Amino acid sequence: METAQLAYVLLFLVTAVLLFHLRRGGRSAPAKLTTAHRPHPNPVLGNTVEFIRNRRRFFDCICHVAFGVESSTLLETAREDSRHEALFAAFDAAVEISFRRALAPFTLVRKLTGLLNVGSSRRLREAVGVIDDYAMSVVESKEAACRDREDGDGDGDPDLLSRFMAAMDEEDGGELGAMFPTPEGKRRLLRDVVVSFVLAGKDTTSSALTWLFWLLAANPRCERRVRDELSRSPDGGGGGDAKGMHTHYLHAAITEAMRLYPPVPFNGRVAVGDDVLPGGAAVRAGWFANYSAYAMGRMERLWGEDCLEFSPERWLRDGGEFVAVDAARYPVFHAGPRACLGKEMAYVQMKTVAAAVLRRFSVEVAAPAPAMDSPPAYEMTATMKMKGGLWVRLRKRE
Ligand code: HEM
């Protein structure tokens, strides 16, 4: 056999073996999931529990407020929880693969795996399929509810999905209607609205609360101040007031926790045209322009010499009133026209949960050790999670 023929045969064999492994990986290996919310393997922790493990509550809350549906009615089966877990696993896998891809250059191997539907391309497609099916079931249940109402009792729902639907059904078609003229296009847009809300809101608030409780344990003085404020608060300190009128210190503590550990630590855009950033840096069309809220939250130039300390007081006026800062300095919720739409809702959720827990329980952190000079390891995907989760022992307060 000539050398060139031998080389072709070898190449063929290597490719066949590679594809066989990729296919097997695509079929049998589950997507690598983050460990932050898995049961902790450490038996020494005994009666401790993983804090904020149950992402279901945050998910249910989004379904209720943003879509006006109960998540469990859509996922109800004899083993309802496992369907939620399958959906969450699909979200985790899709986010992790997409995040890794966003950081890596587009290679020939990825193009090939995409064409052949193997490896991570296959896992991503499968995960997106699960997510899209769920999101479409939300849209369908909403459409059915609207049809029922037309026969029956009146007014539109106040949830966000209903508003999107109403905007597209305006008589002249509306701006959205013009962008998505076919019924199929409209439904796909609604499906994507559902996906973006779940993606944006499910893990962010739970990540922020995990870091908040660790930071409060590492700074008992701050925890005492939160508890004092809650005991004086007329509404129990919950989220009834998103701007923090009654609970300025709690609002400041949550904001400060997200400065040090922003739930979305890293974000970016692709420039559509040549531009110059305010700092003078030139950006060409097609370039990525990324920023790190994590790094910015720890810059001495922006936050002073004590930038690595947890100090809710930096957000308070002398009278104790919370004062927000410019989003360009604190880009935790992003800035400009595409800033977070759920910011107020997120504060309501986080304050309600934090207040409810702190009023009823003392929270003893078992792991990772609560000490500012040895911060816990983190896991960076699209959201910033505490590696291994936060393990606490709750004791009922007198
Ligand atoms: C602590 C909690 C949260 C943080 C830190 C946060 C942060 C962010 C950030 C940084 C973005 C910009 C993402 C990008 O464009 O690349 C964003 C967008 C968004 N967020 Fe949040 N978010 C939080 C909670 C929520 C909640 C609870 C909801 C609603 C249920 C929500 C809904 C949205 C939506 C719909 C967008 C897309 C806005 C647009 O593209 O115009 N977020 N969020």
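Residues numbered from 1 in each chain as written. Predicted model: local features only at pLDDT ≥ 70, side-chain atom pairs only at ≥ 80, totals over all residues. Heavy atoms only, no water.

The chain has the name Cytochrome P450 in an unreviewed UniProt entry, where Oryza barthii is given as its organism.

**Student:** Looking at this structure, I do not really get the overall build of the chain. What am I missing?
**Tutor:** Helix and strand content of the chain: 14 helices and 9 strands. Looking at the chain as a whole, 42% of its 398 residues are labelled buried. The contacts of the chain with a sequence gap of at least 6 include a subset with a gap of at least 24, amounting to 72%. Of the accessible surface of the chain, which amounts to about 22,200 Å², a share of 58% is contributed by carbon and sulfur atoms. (Helix = DSSP H or I, 4+ residues; strand = E, 2+ residues; numbered from the N terminus. Buried < 20%, exposed > 50% of the residue type's maximum accessible area, 1.4 Å probe, protein only. Contact = heavy atoms within 4.5 Å. Areas by Shrake-Rupley, 256 points an atom, 1.4 Å probe, with all protein chains shown as cover.)

**Student:** Explanation requested: the site of the ligand in the structure shown.
**Tutor:** Around the ligand, the surrounding shell holds 21 residues, and the nearest of these are Ala200, Asn267, Arg269, Arg338 and Cys340. Within the side chain of Arg338, a nitrogen or oxygen atom sits 2.7 Å from an oxygen atom of the ligand. Broken down by secondary-structure element, the contributors of at least two residues to the shell around the ligand are α9 (183-218), β2 (266-270) and α14 (343-360). Ranked by residue count, the leading element in the shell around the ligand is α9, at 5 residues. Classifying every residue of the shell around the ligand gives 13 nonpolar, 6 polar and 2 charged. (Near = heavy atom within 4 Å. Polar contact = N/O pair within 3.5 Å; in protein donor to acceptor, adjacent residues only side chain to side chain. Nonpolar A, V, L, I, M, F, W, Y, C, P; charged D, E, K, R; others polar.)

**Student:** Can you walk me through the packing of aromatic side chains in this structure?
**Tutor:** To describe a pair of aromatic rings, you give the distance between the ring centres and the angle between the ring planes. Counted by the stated rule, this structure contains 9 aromatic pairs. Seen in terms of ring centroids, Trp211 and Tyr261 are 3.8 Å apart; in terms of plane orientation they differ by 5 degrees. Their pairing is stacked. Separated by 50 residues along the polypeptide, Trp211 in helix α9 and Tyr261 in the loop between α11 (248-260) and β2 bring together distant segments of the chain. In this structure Tyr261 comes out as buried when scored by relative accessible area, which is 4%. Ring geometry for Phe333 and Tyr347: centres 5.9 Å apart, planes at 35 degrees, overall tilted. Residue Phe333 is found in the loop between α13 (300-303) and α14, and its partner Tyr347 is found in helix α14; the two are separated by 14 residues along the sequence. A single burial state applies to Phe333 and to Tyr347, both of which are buried. Aromatic ring contacts, followed pair by pair, group Trp303, Trp315, Phe322 and Tyr330 into a single cluster. The residue whose ring lies beneath Lys396 is Phe361, and the NZ or CZ to ring-centre distance is 5.5 Å. (Phe/Tyr/Trp six-rings, centres within 6.5 Å; stacked < 30°, edge-to-face > 60°. Lys NZ or Arg CZ within 6 Å of the ring centre and 35° of its normal.)

**Student:** Any chance you could explain the packing of α9 against α11 here in plain terms?
**Tutor:** The description of two packed helices rests on the angle between their axes and on the distance between the axes. α11 packs onto α9 with a crossing angle of 105 degrees between their chain directions and a minimal axis gap of 9 Å. In terms of their interaxial angle, α9 and α11 are classed as roughly perpendicular. Contact residues: Ala208, Leu212 and Leu215 in α9; Ala253, Ile254, Ala257, Met258 and Leu260 in α11. Its residues assigned to classes, the contact of α9 with α11 shows 8 nonpolar, no polar and no charged. (Axes fitted to C-alpha atoms, helices over the stretch in contact; angles between N-to-C directions. Parallel < 35°, antiparallel > 145°, perpendicular 65-115°, else oblique.)

**Student:** Looking at this structure, I do not really get the sheet that holds strand β9 (residues 391-396). What am I missing?
**Tutor:** Within a beta sheet, neighbouring strands are joined by backbone hydrogen bonds and run either parallel or antiparallel to one another. Taken together, 3 strands build an open sheet; the order of strands is β1-β9-β6 and the sheet is antiparallel. Whereas interior strands pair on both sides, the edge strands pair on one side only; in this sheet they are β1 (49-50) and β6 (361-367). Across 2 bridges, β1 lies against β9 in antiparallel orientation. Each residue of the ladder has a partner; that of Glu50, found in β9, is Trp391. (Pairing = 2+ DSSP bridges.)

**Student:** Would you mind showing me how to read the pairing of β9 here?
**Tutor:** Across a regular strand the side chains alternate sides, sitting on one face of the sheet and then on the other. As paired strands, β6 and β9 are joined by 6 bridges and run antiparallel to one another. For Val363, the partnering residue across the bridge sits in β9 and is Leu394.

**Student:** Explain the nonpolar core here, please?
**Tutor:** Side chains of nonpolar character tend, in soluble globular proteins, to be buried together. Within the largest apolar cluster, 46 residues are counted, with the highest numbers of intra-cluster contacts made by Leu212, Phe213 and Met258. Broken down by secondary-structure element, the contributors of at least two residues to this core are α9, α10 (220-232), α11, α14, β6 and β8 (384-386). Aside from chain neighbours lying at most four places away, what touches Leu212 is Ala253, Ile254, Ala257 and Ala354. In this structure, Cys63, Leu124, Ala127 and Val195 belong to the second largest nonpolar core, which totals 31 residues. (Core = buried A, V, L, I, M, F, W, Y, C linked by side-chain atoms within 4.5 Å.)

**Student:** When you look at the UniProt feature "binding site: heme" (unreviewed entry) in the chain in this model, what are you seeing that I'm missing?
**Tutor:** When the UniProt feature table is mapped onto this chain, "binding site: heme" (unreviewed entry) is found at Cys340. Within the element layout of this structure, Cys340 appears in the loop between α13 and α14. For Cys340, a relative accessible area of 38% puts it in the partly exposed group. (UniProt positions renumbered as here; feature names shortened; annotations may be inferred.)

**Student:** Before we go on, may I ask you to explain unusual backbone geometry in this structure?
**Tutor:** The bulk of non-glycine residues show a negative phi, and the bulk of peptide bonds are trans. The omega angle of the peptide bond from Ala367 to Pro368 is -5 degrees, so this bond is cis rather than trans. Looking at the secondary structure, you find Pro368 in the loop between β6 and β7 (378-380). Although it is not a glycine, Asn117 adopts a positive phi angle of roughly 55 degrees. Tracing the chain through its elements places Asn117 in the loop between α5 (108-116) and α6 (119-151). Unlike most non-glycine residues, His334 shows phi in positive territory, near 70 degrees. By the element assignment, His334 lies in the loop between α13 and α14. The exposure class of His334 is buried, given its relative accessible area of 17%.

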